[in-house]
Amino acid sequence: MLDPKFIRENPDLVRESLKKRRDSAPLDEILELDTERRRKLIELEDLRRERKEVSRQKRAKVEEGRDLRVMIKGLEDEVRNIDEQLAELLLQVPNVPHPSVPLGKDDSDNVVVRTSGEPKSFDFTAKPHWQLGEKLGIIDFERGVKLSGSRFYVLEGLGSHLQRALINFMLDLHTSEHGYKEIYPPFMVKRECMVGSGNLPKFADNLYHDEIDDFWFVPTAEVPLTNLYRDEIISPGILPLYHVAYTACFRREKMSAGKDTRGIKRGHQFDKVELYKFTDAENSNDELEKMVSNAEVICQRLEIPHRVKQLCTADLGFASQKSYDIEMWAPGCEEWLEVSSCSNCGDFQARRANIRHRPTPESKPEFVHTLNGSGLALPRVLIAVLENYQQPDGSIVVPKVLKKYVGVGVIK
RNA sequence: GGAGGGAUCGCAUAGUGGUCUAGUGCGGCCGCCUGCUAAGCGGUUACCCUGCGAAAGCGGGGUCGUGGGUUCAAAUCCCACUCCCUCCGCCA
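Keep in mind that what you see is a predicted model, and the values were worked out from it rather than measured.

Q: In this structure, what is going on with the overall build of chain A? I would like to understand it.
A: Helix and strand content of chain A: 13 helices and 18 strands. Reported as C-alpha extents along the three principal axes, the dimensions of chain A are approximately 95 × 45 × 40 Å. Taken across its 412 residues, chain A has 50% of its residues classed as buried. Intrachain contacts of chain A at a sequence separation of at least 6 include 74% that bridge at least 24 residues. Taken as a whole, chain A presents about 20000 Å² of accessible surface, with 48% of it coming from carbon and sulfur. Between the centroid of the 61 positive side chains of chain A and the centroid of its 67 negative side chains there is a distance of 2 Å.

This is how it looks when you write it as structure tokens:
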């Protein structure tokens, strides 16, 4: 959420940023409501002050007090009404892109920042992972569908083992070499958490929801991690905080019906290792660069060709002010797979989730900056491993760094 | 799921309709005193919204788990909800 004061004082800047994002948030309505709210608030506070004075005189002015009560109640209802409308509208306004974000009309304007590793050339025709996986008996698509329907699959034997190896490899690397603290959060959270991270109310369509207890299934560990410090003021000297969490992720994928239905690229349930940082305002963009390279190290150690893209204004996520995607090359399906998206949300999520910190013991609380990035998303890394390490006979060489986790050198 | 208890200023507590503008202790911060430290003494100690102001600041309103209600007046009374604790049941 943007600061209402910021919107009030910089309406043109916000209008401009909406245009860059091709977003149609109701800015004018917000400005009008904000003005009306403050007008009524002044009136209301006046009346409340009067009530204080009147009631101080105890029983002397009962009649006057009675009138005041009615007027105050009426105004309170009006202000509450405006507050609710305003909050609803404010939650629809996306973050303002950082000045360093390239202007663009859609994802074709994203900018490749760097590419690393040469796409391997095969002296045979590289197969897509769904063929490799089925033939090796490590991915069972049919039974996945039998259990849960389309966009579900079952990993078996070394397939399942390979995924677990990847998870452990990533967690170990980020905790031991990059200084992240491992977190195991709940996979189901309360509604407030979804609002805090920016997923509700706007993106309810993409979430799974338990009606009886009002639990929401996390679409990414970003949701519980953001909310770890919800409604808290972090003491001086604690920031920056680096967290890494493995979770399953659940997404309805309603928006992309019919897209990427083949293989394990886009499922309703997938595993992900997520990086998350809480920083102060000064360092968040530097921290974003570091986070991207932390995630890239996974690609490097796995020795899989990859590239980093900076997202343009139109492709930026709702809560993000600056984002990079990391893509791995998959020679079988012949496409770049998005395995990570790293974003600096600035104080946007912190404001929604009310996460502040005190830079020094004397200072006023300030909103923290939050950053999130996949490090990395499992099924797509699994695809990249299978397709990059395949051999002519359809067997898979286990990447060097994973050998100690998998126990065997070749999956056949 | 059933029965009971609870939620107050960082922590611990006091407060059962008006002098609560929330007291006290501990902790924290600032100062004094003092070879040093401790003790002692004095002061200070949250957050949100809003008005004026370039700012420092000054003023107003709100916040005693949350949301409603009763009343001239609510931490205090009433209703609902949330969370925590104890016991019973169930359970990996």
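So much for the structure itself; the text now carries on.
Q: Any chance you could explain the pairing of strand 11 (residues 306-310) here in plain terms?
A: Strand residues, when the strand is regular, have side chains that alternate between the two faces of the sheet. Summarising burial for strand 11: five of the five residues are buried, a large majority. Burial along strand 11 is two-sided: His 306, Val 308 and Gln 310 facing one way and Arg 307 and Lys 309 facing the other are all buried. With five bridges joining them, strand 1 (residues 111-116) and strand 11 adopt antiparallel strand pairing. Across the sheet, residue Thr 115 finds its bridge partner in strand 11, namely Arg 307.

Q: So what exactly am I meant to see when it comes to helix 12 (residues 378-388) here?
A: Note that an α-helix has 3.6 residues per turn; residues three or four places apart therefore point the same way. Judged by how many residues are buried, helix 12 sits mostly within the fold: 11 of 11 residues are covered. Buried within helix 12 we find Leu 378, Pro 379, Arg 380, Val 381, Leu 382, Ile 383, Ala 384, Val 385, Leu 386, Glu 387 and Asn 388.

Q: I tried to follow the domain arrangement of chain A on my own but got confused; where do I start?
A: Note: interface size is frequently given as the accessible area lost on complex formation between the parts. Domain parsing of chain A yields domain 1 (4-90) and domain 2 (107-411). Its C-alpha centre places domain 1 at a distance of 41 Å from the equivalent point of domain 2. If you look at the interface, domain 1 gives five residues, while domain 2 gives eight residues. Both faces considered, domain 1 and domain 2 share a buried interface measuring about 480 Å² in area, 41% of it formed by carbon and sulfur atoms. If you look at where domain 1 meets domain 2, you find one salt bridge. Among the ionic pairs, Asp 23 bridges to Lys 202, the shortest N-O distance being 3.7 Å. Linking domain 1 with domain 2 are four residue pairs in polar contact (both at pLDDT 80 or more), by the criterion used here. Grouping the constituent residues of the side of domain 1 that touches domain 2 by class yields no nonpolar, no polar and five charged.

Q: Can you walk me through unusual backbone geometry in this structure?
A: Only a minority of non-glycine residues have a phi that is not negative, and only a minority of peptide bonds are not trans. Put simply, Leu 239 and Pro 240 share a cis peptide bond, and its omega is -5°. Here Pro 240 is to be found in the loop between strand 8 (232-234) and strand 9 (241-250). Residue Gly 375 is joined to Leu 376 through a cis peptide bond whose omega torsion reads 10°. Here Leu 376 shows up in strand 16 (residues 369-377). Within the chain, Glu 303 stands out as a residue other than glycine whose phi angle is a positive 55°. With respect to the helices and strands, Glu 303 occurs in the loop between helix 10 (284-302) and strand 11. Owing to a relative accessible area of 43%, Glu 303 belongs among the partly exposed residues under this scheme.

Q: Got a minute to help me understand the nonpolar core in this structure?
A: Side chains that are nonpolar tend, in soluble globular proteins, to be buried together. Membership of the largest hydrophobic core comes to 56 residues, with the highest contact counts inside it found for Met 170, Leu 302, Met 328, Leu 376, Val 381 and Leu 402. Beyond its immediate sequence surroundings of up to four residues, Met 328 is in contact with Cys 299, Leu 302, Ile 304, Pro 305, His 306, Glu 335, Trp 336, Leu 337, Val 339, Leu 376, Val 381 and Ala 384. Counting residues in hydrophobic clusters, the runner-up holds 21 residues, among them Met 1, Ile 7, Leu 31 and Leu 86.

Q: How should I be thinking about the pattern of salt bridges in this particular structure?
A: When the charged atoms of two side chains lie near each other, side chains of opposite charge can form a pair. Taken as a whole, this structure holds 25 salt bridges when the rule is applied. A salt bridge links Glu 335 to Lys 265; its shortest N-O distance comes to 3.0 Å. Of the two residues, Glu 335 is situated in strand 13 (residues 335-344) and Lys 265 in the loop between strand 9 and strand 10 (269-279); the sequence distance between them amounts to 70 residues. Overall, Glu 335 belongs to the partly exposed group, its relative accessible area being 25%. Glu 274 is the salt-bridge partner of Lys 272, the closest N and O atoms lying 2.6 Å from each other. Accessibility expressed as a relative area gives 5% for Lys 272, which makes it buried. Ionic contacts of the salt-bridge type, sharing partners, join the residues Asp 3, Asp 347 and Arg 351 into one network.

Q: I keep staring at the sheet that holds strand 15 (residues 366-367) and nothing clicks. Help me out?
A: Backbone hydrogen bonds are what pair the strands of a sheet, in a parallel or an antiparallel way. Taken together, three strands build an open sheet; the order of strands is 8-14-15 and the sheet is mixed. The open sheet has two edge strands, strand 8 and strand 15, and neither has a second partner. Relative to strand 14 (residues 355-357), strand 8 is paired through three bridges, and the arrangement is parallel. Paired with Glu 232 across the bridge in strand 14 is Ile 355.

Q: Any chance you could explain the environment of Ala 384 here in plain terms?
A: Tracing the backbone shows Ala 384 in helix 12. Residues Ala 384 and Glu 327 lie 57 residues apart in sequence; the distance between their C-alpha atoms is 9.9 Å. Setting aside anything within four residues of it in sequence, one finds Ala 384 in contact with Ile 304, Met 328, Trp 329, Leu 337 and Tyr 389.

Q: Hey, could you run me through empty space enclosed by the protein in this one?
A: Over the atoms rolls a probe the size of a water molecule, and its path tells where empty space is left. With the rule as written, the count across this model stands at one cavity of 30 Å³ or more. Lining the largest cavity we find Pro 4, Ile 7, Arg 8, Ile 30, Leu 31, Asp 34, Leu 86 and Leu 90. Residues belonging to the lining of the largest cavity are distributed by class as follows: six nonpolar, no polar and two charged.

Calculation rules
Numbers given for residues are sequential positions, taken from 1 along each chain in its written order. Here chains are named by letter from A upward and ligands by number from 1 upward, in the order in which they appear as written. Only residues with pLDDT of 70 or above have their local features reported here, since the model is predicted, and side-chain atom pairs are shown and tallied only from 80 upward, although totals for entire chains, interfaces and linings are computed over all residues. Calculated side-chain values reflect all of the structure's heavy atoms, with hydrogen atoms and water omitted. Runs of H or I in DSSP of at least four residues are treated as helices and runs of E of at least two as strands, each being numbered from the N terminus. Buried, partly exposed and exposed residues are distinguished by accessible area as a fraction of the type maximum, computed with a 1.4 Å probe on protein chains only: under 20%, between the cut-offs, and over 50%, respectively. Contacts are assigned to residue pairs with any non-hydrogen atoms lying within 4.5 Å of each other. Computed by Shrake-Rupley with a 1.4 Å probe, the accessible areas treat only the displayed protein chains as cover when residues are assessed. A residue counts as positive if it is Lys or Arg and as negative if it is Asp or Glu; His and the chain ends are not included. A single reference atom marks each charge: NZ on Lys, CZ on Arg, CG on Asp, CD on Glu. For two strands to be treated as a pair, DSSP must find no fewer than two bridges joining them. Domain borders in the structure are assigned automatically or taken from a domain database. We define buried area as the total accessible area lost by two parts upon association, computed with a 1.4 Å probe and summed across both. Throughout this description, the term salt bridge denotes a Lys or Arg side-chain nitrogen within 4 Å of a carboxyl oxygen of Asp or Glu. Polar contacts, as counted here, are pairs of nitrogen or oxygen atoms within 3.5 Å of one another; within protein the pair requires one atom able to donate a hydrogen and one able to accept it, and residues that are adjacent in sequence qualify only if both atoms are side-chain atoms. For this scheme, ten residues count as nonpolar: Ala, Val, Leu, Ile, Met, Phe, Trp, Tyr, Cys and Pro. Four count as charged, namely Asp, Glu, Lys and Arg, and the remainder, Gly too, count as polar. Definition used in this section: a nonpolar core is a set of buried Ala, Val, Leu, Ile, Met, Phe, Trp, Tyr and Cys residues joined via side-chain atoms within 4.5 Å. Put plainly, a pocket is an open set of points on a 1 Å grid over the protein atoms alone with protein on both sides within 12 Å along at least five of seven lines, a cavity is a set where a 1.4 Å probe fits but cannot get out, and a lining residue has an atom within 4 Å of a point. Grid points are joined across faces, edges and corners, and a volume is the space filled by probe spheres set on the points.

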